[in-house]
Amino acid sequence: MPRATAAPASVGSLFLQGRSANVEGRPAEGERLLRRALRMLHEQRPDRVPGMESVVDADGDAGAAEAEVRLLLSLSTSLVQRHGADSALEAAGRALELAEGLEPDVRVVLLAKCRLQLAMINGRTGQTGTALEHLEQALTWVDQLGPADRFELLLSRGAVRVDGPDPSSAEPDFAQAASIAREHDLPVQEFMARHNLAQTVALSGDLPRALRLYRDIERLGSGASRAVALHGRSRTLLDAGLVDEARDLLLRAAAEAEGTGQRLVAGEIQGDLALAELVEGRHEEAAEGAARARRLLQHRAPGLRRRAELVLLDARRRRGERLGDVARRGRALVEAFDADGDHVAADLARLVVAEAEVDRGRTAEAVRLLRATADLTHVGSLSTRLRARGVLACAARDADDAPTARRHLRAALADLTETLAGSSSLELRAATHLHAQDLARLDLAVAPDAPRETLLAVERWREAASRSPAVLPPADPELARRTTVLRHLRHQVREDLDRAHRMRARVRELERSVAALSWSAPGQGGPRGMVTREDLARSLARLAERETSVLYLVESQDRLLAVAGTARRLRTVDLGPLSPALEEARVLAADLETGARACGGPMETTLQRSLQHSARALDDRVVRPLRLEGRVLVVPTPALASVPWGLLPSRRGQPTPVAPSVSGWARGGTEVAAPTVAALAGPELGRAPDEVDRVAAVWPQGWAHHETTAAELAAALGRHDVVHVAAHGRHRDDSPMFSSLWLADGPYFLADLERQPRRASHVVLSACDSGRSRHRGGSAALGLAAGLLWLGVESVVAAPCRIPDEVAADHLPRYHELLAGGLPADEALSGAAAGAHPLAGAFVAWGAPWSATPAQR
């Protein structure tokens, strides 16, 4: 049988292949194909070009002159990615010259295409003013354009509007462009329009809606550039404070861009990788990354190179390095951006210069710079708005105008809480507070010098960070399906290391998709007002009613402060440098881990002595100097949220509840008559069945279940007042939403809990590490116990460390006996620990007061 031969290449086929390569993110291939088509066109000099439809006659082939114009325009798209603006502008400019000499009907369409292309190239490289001029000329021919060209015009106009003073004005253009693309079956173009719409919404600060739009884009599926898609979404994650997740996407986008020759995109991505380092406070790494991005963009896109330069200057500013030079070079960038018409970048440069001037003590100049912007306190991304408020608050502080400084800080907090009211995602709400950490510190700095005022300044931000979403997110069958698949996959590979290695990529991709769906879940209802002096007075009165002292820990200028005492007599105590306390907490956590592993072994006594030593060291630094007796409510800093405070020597045998804010503790408080109790055991814990049977037997309405599944735990949380879970636990510091309890059918994630209807007001997690949490740098920490509190469970008992099976099985039934006898949860927990194994003291009573009045048997 004769071998089939490939059809010979033609100008028309090469044009289509080259254009597809550009759209799909392969500019090197696109350039090669299009240059070959141009050479073939010049050599053959045909009257018509088969395979290339004319722009004015869908049934006819394009003429040679028309074909050359369109080949040059497509080639310029390849060139702007590979070689920068100059060569791309040269090709598009040549196309414009050729189009001017064509017949009127063809000329109108091709002139519009040329102007659109010139606008794209100039806009893409930061020449916004020139781009707008080309667009205005193209608009004169809009009524004579076909669907694809009208799409391009709307897309380009939207892109220019995004860089204007009101980015939201671009939304109708992108939405209309997406509708045109969908109506005319242009899937790649629809992807582009919806991607730009998502970026625009993110820029306006509506992060949850932007992430929902990215979620819809993912469902489209198309041949568009994967690097561009990943890059756009990563920027939104970065502005949400999800820095690790953004960095993951950026690295994947960079690999895609490098692999497909998209050097311009690769350079931009390097700049955003540097920005990720900057957000996390890694200033050296940020400076190195920004310098690398600047080199990559040096001869390709001057506007983008200047944006990388701006990140480099910001890194130097944050290191306190040659602030005068930073301000001088920043002003030069402002002038260059303004000359290009890139006013958004110019305003960002003014903000960096203003922050440098604040650092230099020249706050009047900083305010003048901000007044020259498009009011950055209301325009731009959330992080930009918060930074602008910070500059104004610093200026007011330095002018000895503390009331005005506090007014700006209240406005920033209101902006933050209003933005987060649109999300029901615990992780997004916790992470976004990363951008407010400097404002929270500033609020403390401008507070009046009195214990209650210090408490109020910190409490505002802590309470805002730990509030529960107003309602459960709407049901999402796709999220439920993917979470179930992830659970089953984890279950299948747990004991098969070879398979686990093979399935690692699939598991990671599933986690990414579940997280993305979770982040995009909308919230409902406006935010609650921030904590006022009256609110704080009511909270302190509640402390007095329950005869409870408070230990409220505060970080201030690298020192650890405590606002401590009774409601009637508070005092502020400087406990010394912060870093030794953090180190002692780390040593205690390590000793708890090794002590748990050695339980019952030959080294147990030695390791218990080490644990006692580390507990005493932290106690002596933080708690014992305050001489607090009786019940003490501990409100730790997020960085110390995982300390088992009741384990410290001075607190043994005394109730030591822990809460993320004093307002949350005081606002709650539950007494349940005749509670229904579900005690559930997971697999692979030898004493768990006995533990849950004993717990259930304590309560008149107790129910025990062995080998519990995820569905059974979800049902228990929705039907019972008290839920006790004896299972293996795992905290995921890299991704707290995948912290889990191991059940019969696999892990039950915090991401599952986020969407379950809940009746339970008291949850006991007899599981390792279930009280641990991750602190991203803001005012919130997230883990299983913290997540349950955020989700509205009043009270949670959990341990922030590994607990031996036999310790939990002996200790927690005694706890339930005391609880069923009417003792409040915190008293029952401390009472049960008396005389028990030392590790029993690691269980913590989190949240608000809780007690039961059981029915008589």
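Computed from a predicted structure; not experimentally measured.

J.: Explain the packing of helix H20 (residues 402-420) against helix H22 (residues 437-445) to me, please; I cannot follow it from the model alone.
T.: Any two packed helices are characterised by the angle at which their axes cross and by the distance between the axes. H22 packs onto H20 with a crossing angle of 150° between their chain directions and a minimal axis gap of 10 Å. Both H20 and H22 take part in a crossing whose hand is left-handed. Contacts between H20 and H22 involve Arg406, Leu409, Arg410 and Ala412 from the former and Leu439, Leu442 and Asp443 from the latter.

J.: I keep staring at the packing of helix H35 (residues 805-820) against helix H36 (residues 825-833) and nothing clicks. Help me out?
T.: Close contact between H35 and H36 brings their axes to 8 Å; oriented N to C, the two are set at 135°. When the axes of H35 and H36 are compared, the pair comes out oblique. Here H35 and H36 pass one another in a crossing that is right-handed. Contacts from His811, Arg814, Tyr815, Leu818 and Leu819 in H35 reach Ala825, Ala828, Leu829, Gly831, Ala832 and Ala833 in H36. When its residues are assigned to classes, the contact of H35 with H36 shows eight nonpolar, two polar and one charged.

J.: Just checking my understanding: could you explain the pattern of salt bridges for this structure?
T.: Oppositely charged side chains can form a pair if their charged atoms are brought close together. In total, this model carries 67 salt bridges according to the counting rule given. Of the charged contacts, one joins Glu365 and Arg368 as a salt bridge, the two residues approaching to 2.7 Å between their closest N and O atoms. Placement of the pair is Glu365 and Arg368 together in helix H18 (residues 363-371), with a separation of three residues, close to one helical turn. A salt bridge links Arg538 to Asp535, with the nearest nitrogen and oxygen atoms 2.5 Å apart. One end of the pair is Arg538 and the other is Asp535, both in helix H27 (residues 533-545) and three residues apart, which spans about a single turn. Note on Asp535: relative accessible area 25%, which makes it partly exposed.

J.: Explain the nonpolar core here, please?
T.: Soluble globular proteins tend to bury their nonpolar side chains together. Ranked by size, the top nonpolar core spans 160 residues in total, and within it Leu551, Trp645 and Tyr815 carry the most contacts. Take this core: its biggest share by element is nine residues, from helix H19 (residues 382-398). Each residue touching Tyr815, except ones within four places of it in the same chain, is listed here: His762, Val764, Val797, Ala825, Ala828, Leu829 and Ala832. Ranked by size, the runner-up nonpolar core spans 50 residues in total, among them Ala85, Ala92, Ala119 and Leu145.

J.: When you look at the confidence of the model for the protein in this model, what are you seeing that I'm missing?
T.: Low-pLDDT portions of the prediction should not be read for the details of their coordinates. Confidence in the prediction of the protein, expressed as mean pLDDT, is 87, and 95% of residues score 70 or more. Low pLDDT, under 50, characterises residues 1-6; the stretch is placed with zero contacts to residues that sit more than four places away or in other chains.

J.: In this structure, what is going on with the environment of Pro50? I would like to understand it.
T.: Its location among the elements puts Pro50 in strand E1 (residues 48-53). The exposure class assigned to Pro50 is exposed, which follows from its relative accessible area of 54%. Note: C-alpha distance between Pro50 and Asp769 (719 residues apart in sequence) is 69 Å. If sequence neighbours within four positions are ignored, Pro50 has contacts with Ser10, Gly12 and Asp61.

J.: What's the story with helix H7 (residues 147-162) in this structure? I'm lost.
T.: Since there are 3.6 residues in each turn of an α-helix, residues three or four apart along the chain are aligned in direction. The end-to-end C-alpha separation of H7 is 22 Å, in line with the 22 Å expected for 16 residues at 1.5 Å each. Within H7, the full set of buried residues consists of Asp149, Phe151, Leu153, Leu154, Leu155, Ser156, Gly158, Val160 and Val162. Contact partners of the buried residues in H7: helix H5 (104-124), helix H6 (128-139), helix H8 (171-183), helix H9 (187-203) and helix H17 (343-359).

J.: Got a minute to help me understand the sheet that holds strand E12 (residues 740-743) in this structure?
T.: The sheet built from three strands is open, its strands ordered E11-E12-E13 with antiparallel pairing. Bordering the open sheet on either side are strand E11 (728-730) and strand E13 (746-749), each of which pairs with just one other strand. This sheet shows a mean twist of 30° between the axes of neighbouring strands, independent of strand direction. Pairing of E12 with E13, which is carried by four bridges, proceeds in the antiparallel orientation. When the sheet's bridge partners are listed, Leu743 is paired in E13 with Gly746. The sheet strands contacting helix H24 (residues 477-493) are E11, E12 and E13, and the helix crosses E13 at an angle near 140°. Relative to the sheet, helix H32 (residues 710-719) contacts E12 and E13, its axis offset from that of E13 by approximately 30°.

J.: Is there a simple way to explain the sheet that holds strand E3 (residues 549-556) in this structure?
T.: Within a beta sheet, neighbouring strands are joined by backbone hydrogen bonds and run either parallel or antiparallel to one another. One open sheet accounts for four strands, arranged E5-E4-E3-E6; its pairing is mixed. Across the chains shown, the open sheet's two edge strands, defined by having one partner strand only, are strand E5 (570-577) and strand E6 (632-635). Strand-to-strand, the axes of this sheet are offset by a mean angle of 20°, without reference to chain direction. Note that E3 and E6 share four bridges and pair parallel. In the strand pairing of E6, Val550 is matched with Leu633. Across the face of the sheet, helix H23 (residues 451-466) comes into contact with E3, strand E4 (559-565), E5 and E6 while running at roughly 75° to E3.

What counts and how
Residues numbered from 1 in each chain as written. Predicted model: local features only at pLDDT ≥ 70, side-chain atom pairs only at ≥ 80, totals over all residues. Heavy atoms only, no water. Axes fitted to C-alpha atoms, helices over the stretch in contact; angles between N-to-C directions. Helix = DSSP H or I, 4+ residues; strand = E, 2+ residues; numbered from the N terminus. Left-handed = near helix turned anticlockwise from the far one by under 90°. Contact = heavy atoms within 4.5 Å. Parallel < 35°, antiparallel > 145°, perpendicular 65-115°, else oblique. Nonpolar A, V, L, I, M, F, W, Y, C, P; charged D, E, K, R; others polar. Salt bridge = Lys/Arg side-chain N within 4 Å of Asp/Glu carboxyl O. Buried < 20%, exposed > 50% of the residue type's maximum accessible area, 1.4 Å probe, protein only. Core = buried A, V, L, I, M, F, W, Y, C linked by side-chain atoms within 4.5 Å. pLDDT = per-residue confidence, 0-100. Expected span 1.5 Å × (residues − 1). Pairing = 2+ DSSP bridges.

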